[in-house]
Amino acid sequence: MNVSTAPMRRPIRELPDELISQIAAGEVVERPASVVRELVDNALDAGATEVGIKLQGGGIRSVLVEDNGAGIPADEMPLALRRHATSKIGSLHDLEQVSTMGFRGEALAAIAAVSELSLASRTADSTHGLRLDARSGELLPSARGTGTSVEVRELFFSTPARRKFLKSVATELAHCVDAVRRHALVRPDVAFTVWHDGKLLHQWRRNPGPVRLEQLLGDEFFANSRSIDVDLGIMRISGRAGLPEAARARADQQYVYVNGRFVRDRLIGHGVRSAYEDVLHGARQPAYVLFIDIAPDRVDVNVHPTKIEVRFRDSREVHQAVRHAVESGLSVSRAGQAPAVEGDVAEGSRTPEPSTGATAPENSWTGAAARPSGASSLMQRADQAPWAGQQGRLGLAQAEVLYAREPQPAWGTLAARPMQSDQRPEAVADGATDSWPLGRAIAQIAGIYIVAENDRGLIVVDMHAAHERIVYERLKATLQASGSLAIDTQTLLIPASFSATAEEIACAETHAEALLRLGLEISSLSPTTLAVRSRPAALDGGDVVELARKVLAELAQFGASAAVERAQHEILSTMACHGAVRANRQLTIDEMNALLRDMERTDRADQCNHGRPTWRQIALRDLDAMFWRGR
Ligand code: ADP
Ligand code: MG
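Residues numbered from 1 in each chain as written. Chains lettered and ligands numbered in written order. Predicted model: local features only at pLDDT ≥ 70, side-chain atom pairs only at ≥ 80, totals over all residues. Heavy atoms only, no water.

What to know about the packing of helix α9 (residues 266-276) against helix α10 (residues 315-330)
No. 1: With their axes 8 Å apart at the nearest point, α9 and α10 run at an angle of 35° to one another. Relative to α10, α9 is oriented so that their crossing is right-handed. Together, Leu267, Ile268, His270, Gly271, Val272, Ser274, Ala275 and Tyr276 of α9 and Ser315, Val318, His319, Val322, Arg323, Val326, Glu327 and Leu330 of α10 make up the contact between the two elements.
No. 2: When the residues that make up the contact of α9 with α10 are grouped by side-chain class, the tally is 9 nonpolar, 5 polar and 2 charged. (Axes fitted to C-alpha atoms, helices over the stretch in contact; angles between N-to-C directions. Helix = DSSP H or I, 4+ residues; strand = E, 2+ residues; numbered from the N terminus. Left-handed = near helix turned anticlockwise from the far one by under 90°. Contact = heavy atoms within 4.5 Å. Nonpolar A, V, L, I, M, F, W, Y, C, P; charged D, E, K, R; others polar.)

Below is the structure:
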């Protein structure tokens, strides 16, 4: 029953030109939004300051992009539609330095292969415009101003199989608008208008960057995000990072640009994610816009036909820089900010931009220098307080570590904290109370919450969540200052074994030393099994196999330094949770005030390590509203 299924062999032939273009189009043109992206790219490359996008039937029936850019000289019009014809590069050297959006010279040819395309253009020094029909090759005069318009009708009309992959008009339209939005975010200096079936959908005028961002992403994003601007010499990272509590269920507000080009990059995504790891609940997606500007020779943009992926010369460098930039933007805690004149600090309101802390000193991200702290004016004041001398942040941190190494101190938790010994609460009694952002403690309720009063109303603090963050940040600060943290290890009576891949086993061997520093002793039992023989003492009860797998995966992907840091943080976070004050412990007023002042001085104090909020403001006007009291 041996039926031969081998196809009949055909002779080798060169493919006809049109088929080559149609095959190439498969890579570049997936849907109407790809056409929009390519045409807007071209308009921007031509120096346009105004770009109009007119869509019909979700862009499937037609896409028309008009610009006021430089135009195409008459004799070059037919060339524009040829495959591998471009005005943007002429040599390999140009390719390595490329700063335009396009350079492959294939977009117009590819689009023309799967649609009815016509191109009209006029340069500033020509007396009239010309229109070129791609199918007939006919070149006719056209009355028009300087600039170019490209009309693409009936996408995939000749390739019905591909047309079937298109979704509904509404879906395709949404993708088209998204494509324009991606351009508009990074080019606030260009005006964009988007029309659909004759109706104006969006009009984004030329505006300063932040205004454009707010226009495109909404005031809610703007109010609930922090500005980022870190210049590291070899690269600059700017933009905005959404606050953890404004994170979303979907990853639909994550924009990353490399040298002005929208990209999707796992590595950058991971870098951002790790900046949020202490403050964001697992499944939530942060919102962010990041502009990464890096020397062109440190990044290769020619790795993907649509250029949506890039390759960095030193990817770890970028990973670290991104993480650092986002972290430093987020670390400015609102708890430590001086109150705004109007409006409150509660969720949903606009937070004043921090005056310092956003821009990192050069090279601080290498870990050598101190990380930029979210020093608010208030915090600086706190450091000038009489008691500041004896207990700078580091002193506190070191003391805290001693404390944290004994997860179950006999004396309970908060009472033993070093800040209790000197009388910080004096500062509270000296009349400065009203200007402490988190106010003056009044009471503890339900064994969980501290109620405080500030000049805007009531503050409610989740004491465990807040304390957990404070302890955690101190542990991290110590780790950073000393470079290592002696982690108590515990040898397992019965090693925890798990089946492992060859990569995991190799990784465990290569990084044995780094693992030991984390309190993890992992060795192979067989060619397919690894065993954890000791673990960090703080992690009793945790899933040690899961931790081991996670750390190995990180080591393999991001190298020892990044992975060790992350794993250390995870361990510290567990220590902090063990070490933080438990519910139902009665605090004295002084202890409560000490906790509030500590929060004001702590980075990222607005969320606990798991991303839950640590405090809320109930404004006086909310109270007034509750009691129908007009003021
Ligand atoms: P690429 O952008 O990679 O060069 P394209 O196929 O997109 O390739 O465009 C081919 C050429 O046509 C460009 O290099 C450019 O010279 C010219 N061109 C295309 N669109 C425009 C436009 N809107 N304004 C001016 N020139 C354009
Ligand atoms: Mg192009």
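Re the site of ligand 1
No. 1: Among the 19 residues in the neighbourhood of ligand 1, the closest are listed as Asn42, Thr86, Ser87, Lys88 and Gly105.
No. 2: In this structure, an oxygen atom belonging to ligand 1 sits 3.0 Å away from a main-chain N or O atom of Phe103.
No. 3: Taken together, the elements giving at least two residues each to the shell around ligand 1 come down to α2 (32-45) and α5 (107-113).
No. 4: Looking at side-chain class alone, the shell around ligand 1 contains 8 nonpolar, 7 polar and 4 charged residues. (Near = heavy atom within 4 Å. Polar contact = N/O pair within 3.5 Å; in protein donor to acceptor, adjacent residues only side chain to side chain.)

A look at α10
No. 1: For α10, which comprises 16 residues, the first-to-last C-alpha distance of 23 Å matches the rise-based estimate of 22 Å (1.5 Å per residue) to within 8%.
No. 2: Burial runs high along α10: 13 of the 16 residues are buried.
No. 3: Where α10 starts, the residue carrying a side-chain oxygen 3.3 Å from the main-chain nitrogen of Arg316 turns out to be Asp314. (Expected span 1.5 Å × (residues − 1). Buried < 20%, exposed > 50% of the residue type's maximum accessible area, 1.4 Å probe, protein only.)

Topic: the sheet that holds strand β1 (residues 50-56)
No. 1: Pairing is mixed in the open sheet, where 8 strands are placed in the order β5-β4-β3-β6-β2-β1-β7-β8. One side of each edge strand has no neighbouring strand; the edge strands of this open sheet are β5 (139-142) and β8 (199-204). Within the sheet, the average angular offset between the axes of one strand and its neighbour, ignoring direction, is 15°.
No. 2: In the sheet, strand β3 (residues 116-122) pairs with strand β6 (residues 147-153) via 7 bridges, with the strands oriented antiparallel. Bridge assignment links Leu119 to a residue of β6, and that residue is Val150. (Pairing = 2+ DSSP bridges.)

A look at the sheet that holds strand β13 (residues 288-294)
No. 1: Pairing is mixed in the open sheet, where 5 strands are placed in the order β9-β10-β13-β11-β12. With partners counted over all chains shown, the strands left at the sheet margins are β9 (225-231) and β12 (261-262), one partner each.
No. 2: Looking at chain direction, strand β10 (residues 235-242) and β13 are connected through 7 bridges and run antiparallel. When the bridges of β13 are listed, Met235 appears paired with Ile294.
No. 3: Its contacts with the sheet place helix α8 (residues 209-223) against β9, β10, β11 (254-258) and β13, and it is angled at close to 120° to β13.

What about the packing of α2 against helix α7 (residues 169-186)?
The relative placement of two packed helices comes down to the angle between their axes together with the axis-to-axis distance.
No. 1: Two elements in contact, α2 and α7, have axes whose closest approach is 8 Å; the angle formed by their N-to-C orientations is 25°. Relative to α7, the element α2 lies roughly parallel. Between α2 and α7 lies a crossing of right-handed hand. The residues of α7 that touch α2, namely those facing Pro32, Ala33, Val36, Arg37, Val40, Asp41 and Leu44, are Glu172, His175, Cys176, Ala179, Val180 and His183.
No. 2: For the contact of α2 with α7, a count of residues per class yields 8 nonpolar, 2 polar and 3 charged. (Parallel < 35°, antiparallel > 145°, perpendicular 65-115°, else oblique.)

Let's talk about a nonpolar patch on the surface
No. 1: A cluster of nonpolar side chains, Leu15, Leu19 and Ile23, forms an exposed patch at the surface whose accessible area comes to about 260 Å².
No. 2: Here Leu19 lies in helix α1 (residues 17-28).
No. 3: By relative accessible area, Leu19 is classed as partly exposed at 34%. (Patch = residues over 30% accessible without salt bridge, like charges linked within 9 Å, V, L, I, M, F, W, Y side chains within 5 Å. Areas by Shrake-Rupley, 256 points an atom, 1.4 Å probe, with all protein chains shown as cover. Salt bridge = Lys/Arg side-chain N within 4 Å of Asp/Glu carboxyl O.)

With respect to the pairing of β8
No. 1: Both strand β7 (residues 191-196) and β8 contribute to a ladder of 5 bridges, which runs antiparallel. The residue bridging Trp195 from the neighbouring strand is Leu200, located in β8.
No. 2: Taken together, β7 and the strand that follows it, β8, pair antiparallel across an intervening segment of 2 residues, in which Asp197 is found at a positive phi of about 45°.

Side note on unusual backbone geometry
No. 1: Positive phi outside glycine occurs at Asp197, with the angle close to 45°.
No. 2: Here Asp197 lies in the loop between β7 and β8.
No. 3: Note on Asp197: relative accessible area 41%, which makes it partly exposed.
No. 4: Look at Lys307: it is not a glycine, yet its phi comes out positive at around 60°.
No. 5: The residue Lys307 is located in the loop between β14 (299-300) and β15 (311-312) in this model.
No. 6: The buried category is assigned to Lys307, whose relative accessible area is 5%.

Observations regarding α1
No. 1: Across its 12 residues, α1 extends 17 Å between first and last C-alpha, which sits within 8% of the 16 Å expected from 1.5 Å per residue.
No. 2: Along α1, the positions that sit buried rather than exposed are Ser21, Ala24, Ala25 and Val28. For α1, the arc enclosing every buried residue in end-on projection is 110°, short of the 170-degree limit, so these residues lie on one face.
No. 3: Along its buried surface, α1 packs onto α2, α5 and α6 (160-163). (Arc of directions from axis to C-beta.)

Functional significance is not addressed by these values, which are geometric in nature.
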